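What follows is the residue order along each chain.
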Amino acid sequence: MAGITGTPTHSLGLLDPTVSQSRRHQLNVIDKLHSLGVQFDIDVPRIVVVGSQSAGKSSLIESFSGITLPRSSGTCTRCPTECVLVHSDQPWECLVSLQFLTDESGRPLEQVRNVPFGAPLRNPADVEERVRRAQKAALNPNVDSQKFLENDSSVPTITSALNFTTNCVTLKIEGPDLIDLSFCDLPGLIASVSEGGRDDDVEKVAELVSSYISKQSCIILLTVACETDFETQGAHRLAKQYDPKGTRTIGVLTKPDRISPGEEGRWIRLIKNEISPLDNGWYCVRQPSSIELSEPGFTSEQARLRGEEFFENPPWLALEPEHRNKLGTRALTQKLHEYLMTVISKRLPELTQELQMALRRTKDELEKLQAPTFKDPIMEMMHLIGDLSDSVFRHAEGVSYVISRSSKAQAGFNQFERIRDVHEDFRKRIRSTAPDFRPFDSPAAGTVGWTYSMSSEPSFLTSEEKGSSPHSSEPIYLDDVTRRATTREFQWEEPACKLVESVYLIVFEHHRKLVELYFGKYTAGGLRQEVSTIMQEYMQKRRDEAIERVKWLLELEAYAFTLNRHYLDDYRNKFMEHFKTQRQAHLNRIRAPLPLPAAEPWNPNQYALEIMATVRAYFQVAYKRVVDTLPLATDCELVRVKRRDIQETISLGLGITGSDAHQRCEKFLAEPPEVVAHRKELRGRLDRLTKAQSELMIT
């Protein structure tokens, strides 16, 4: 394909390329930072050329640099192209290189790779084919890039590993007629997938462009073709999204020769910044058509002259001087150079501080991802198991402490507050099963005028216990006491089993947190899951044993027995007095105002009252015994475990006591691949940030 040929004499117009040494040095520093890849870690100033597919970006870049870029139908550019233009007294030269940021799967590399791609070029006509091959190499980071330099007929047919990539083709062009300028050309935004494309191509290109222009130091060179409504072009919408106020966007209209007659007015209004205004304004350039480019011997000088001649005609000729200064490549290039240097001068002092912050964050992340330092995997495993066992034991003794060999030995999984609540609930539930004795006849045996009267809690009980628990059993009246009270068994199995289950769930959750604390990072070899399963089975076994233990204790309660005769007699006397008082009060209510007989009316029921007092007194003795022994038995089975039991259980469960213990421990302690990969990525980031800091210190 024919294109611009020859040395690009005055390819930027008659622009004076002289810049101060200070500016050149600043631009060199920014270019160096880009070559290190730190633009993905901190916000480094850059010019980014964005536009929809076929918006004329390639022609625009050719006018800046005097080279010809590859063209094809459909989507051509599939990777960023960095252009570094350097004014030099030496003859024109172009050096092509590749910057690999990701692998064939699109994952970031540990170290950015900058690979020279062929010898320096002295003829601009040779650049197009070199760039075409370089783009192919960028899309295939798994293939030796030198293969794409060979005159091999198989190169064009290699299926690309990536359809789009952040891997970059870099063109460093030096010459006497160039101005110092750096910019990055991105793939054109597409509205649909072309033939042979992939379903996610549209989203991938948009994400790639967004990753560049979302940075606040990015100068957006928005390329809009004068062929369709600019507001419907995807690049304009995306630039508006990330720069809604238009403070860092420079607009450039391309293909003004395609404007339909009579439609010039709305494009002129853009040049005047009357619609969709931008702080840095809109520019307009006219680039060679495909017919002109196909002319044999067509030169960059001819392209420049024809572009200038185009704007010497209406309606451009009628523009005011301040707006005519925004026409042509020369004006645009001068604006880009000045604005880029302004942003760089402002950002350089800030970059030093941002680099220091990025270095600190990276070092902190690396510290959290310290690689294992153990030499003997068996000893390391035994240390971990021992630390877990010690922590379980200490917490069982009420010490909120976690053993750790790091400086962060802090924790606080205090389970006893929750267990105390369970104990109190158990006490109340047992207390609520106390026989609800009523020292008077039931309603069925009463006389006319009988009224229901609830027996009140004895004052001596409320003073020795915190509050009272409502009775969960049916009332037992005087006339029914001999039948029901003597055959009564206390219903304590259900609250006892709930006690065990509740304590088990608390301890199980507590152990799960400790396992996660000590073994949480050992997922690759399945160690965390194995230890979790072993601890779960261990605790389930102890729960079953605890249930059997409390059931056995409850079986003992089926027999009325106590050696605490003093407490039993004391309670019996107190309850007898209480029941007599309650009965007398009840009789006074239902018989008043009838005079009471001289003899006590309840003497015939003396035996029934004694049964009530004795049974209620024994319940009080047994209840106090049970609410101590059952929680104690539960704690001994579930909470107060022995260090050695846990150590032996886990060691046997993991199978690390046999001849293959070394291999099994190595497998269990292996780090997850993603952790290893992330650590490598962090080390690479630390390396490039450190190098970038050195560059800025030199500045």
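Refer to the preceding data block for the structure.
The residue numbers shown here count from 1 along each chain, following its written sequence. Thresholds applied to this predicted model are a pLDDT of at least 70 for local features of residues and 80 or more for the giving and counting of side-chain atom pairs; totals over whole chains, interfaces and linings are not thresholded and use all residues. The basis for every side-chain value is the complete set of non-hydrogen atoms in the structure, without hydrogens or water.

With that out of the way, let us pick up the sheet that holds strand 6 (residues 181–185). At least two bridges found by DSSP between two strands is the condition for calling them paired. A run of H or I in DSSP counts as a helix once it spans at least four residues, and a run of E counts as a strand once it spans at least two, with each numbered from the N terminus. One open sheet holds the nine strands; their spatial order is 4-3-5-2-6-1-7-8-9, and the pairing between them is mixed. Two strands bound the open sheet, and with one partner strand each, they are strand 4 (108–116) and strand 9 (282–284). Taken pair by pair, the neighbouring strands of this sheet meet at an average axis angle of 20°, ignoring direction. Sheet analysis places strand 3 (residues 93–102) next to strand 4, joined by five bridges and oriented antiparallel. By the bridge assignment for strand 4, Phe100 is matched with Arg113. Across the sheet, helix 6 (residues 264–271) is in contact with strand 7 (218–225), strand 8 (249–254) and strand 9; its angle to strand 9 comes to roughly 125°. Between N-to-C directions, angles span 0 to 180 degrees; the directions come from axes that are lines fitted to C-alpha atoms, helices contributing only their stretch in contact. Here, residues are in contact when the closest pair of their heavy atoms is within 4.5 Å.

This brings us to the packing of aromatic side chains. Centre distance within 6.5 Å is the pairing criterion for rings of Phe, Tyr and Trp, where only the six-membered ring of Trp is used; planes under 30 degrees apart are then read as stacked, over 60 as edge-to-face, and the remainder as tilted. This model, assessed by the stated rule, comprises 14 aromatic pairs. Taken together, the aromatic side chains of Phe437, Phe460, Tyr571, Phe575 and Phe579 make up a single cluster linked through ring pairs. Consider the ring centre and the ring normal. A charge sits over the ring if Lys NZ or Arg CZ is within 6 Å of that centre and within 35 degrees of that normal. Across the ring face of Tyr283, the terminal group of Lys326 is positioned such that the distance to the ring centre comes to 6.0 Å. Its guanidinium or amino end placed over the ring of Tyr504, Arg543 lies 4.7 Å from that ring's centre, counting from NZ or CZ.

Our focus in this paragraph is unusual backbone geometry. With omega at 0°, the peptide bond leading from Pro314 into Pro315 counts as cis. Residue placement: Pro315 occurs in the loop between helix 8 (300–310) and helix 9 (321–324). One non-glycine residue, Lys255, lies in the positive phi region at around 55°. Looking at the element boundaries, Lys255 is found in the loop between strand 8 and helix 6. Exposed residues in this analysis have more than 50% of their type's maximum accessible area, buried residues have under 20%, and partly exposed residues fall in between, with area computed by a 1.4 Å probe over protein chains only. A relative accessible area of 19% places Lys255 in the buried class. A positive phi angle is found at Ser276, which is not glycine, with a value near 45°. Inspection of the secondary structure assignment puts Ser276 in the loop between helix 6 and strand 9. Given a relative accessible area of 17%, Ser276 falls into the buried group.

The end-to-end C-alpha distance of helix 1 (residues 21–36) is 23 Å, a good match for the 22 Å that 16 residues give at a rise of 1.5 Å each. For helix 1, the complete set of buried residues consists of Arg24, Gln26, Leu27, Val29, Ile30, Asp31, Leu33, His34 and Leu36. Gly37 lies just past helix 1 and shows a positive phi near 90°. For a helix, the expected span equals 1.5 Å multiplied by the residue count minus one.

Let us now look at the environment of Pro315. The class for Pro315 is partly exposed, based on a relative accessible area of 27%. C-alpha of Pro315 to C-alpha of Gly265: the two residues are 50 residues apart in sequence and 8.6 Å apart in space. Beyond its immediate chain neighbours, meaning those up to four positions away, Pro315 contacts Glu264 and Ile268.

Take the side chain of Asp180 next. Along the chain, Asp180 falls in the loop between strand 5 (168–175) and strand 6. Judged by its relative accessible area of 3%, Asp180 is buried. In protein, a polar contact means a hydrogen-donor-capable atom and an acceptor-capable atom, both N or O and within 3.5 Å, with residues adjacent in sequence counting only if both atoms are side-chain atoms; elsewhere, any N or O pair within 3.5 Å suffices. Reaching out from Asp180, the side chain makes a polar contact with the side chain of Arg24 at a distance of 2.3 Å. At 3.0 Å, the side chain of Asp180 and the backbone nitrogen of His87 are in polar contact.

In this section: the pairing of strand 8. With six of six residues buried, strand 8 is to be regarded as a mostly interior element. Pairing of strand 7 with strand 8, which is carried by six bridges, proceeds in the parallel orientation. For Leu222, the partnering residue across the bridge sits in strand 8 and is Gly251. Once the chain exits strand 7 it traverses helix 5 (residues 234–242) before rejoining the sheet at strand 8, and the crossover so formed is right-handed. In this sheet, strand 9 lies alongside strand 8 in parallel orientation, the contact comprising three bridges. Its bridge partner being in strand 9, Leu253 is matched across the sheet by Cys284. Taken together, strand 8, helix 6 and strand 9 constitute a β-α-β crossover, and its handedness is right-handed. Convention used here: a crossover is right-handed provided that the path from the first strand, over the helix, to the second strand proceeds clockwise when the strands point away from the viewer.

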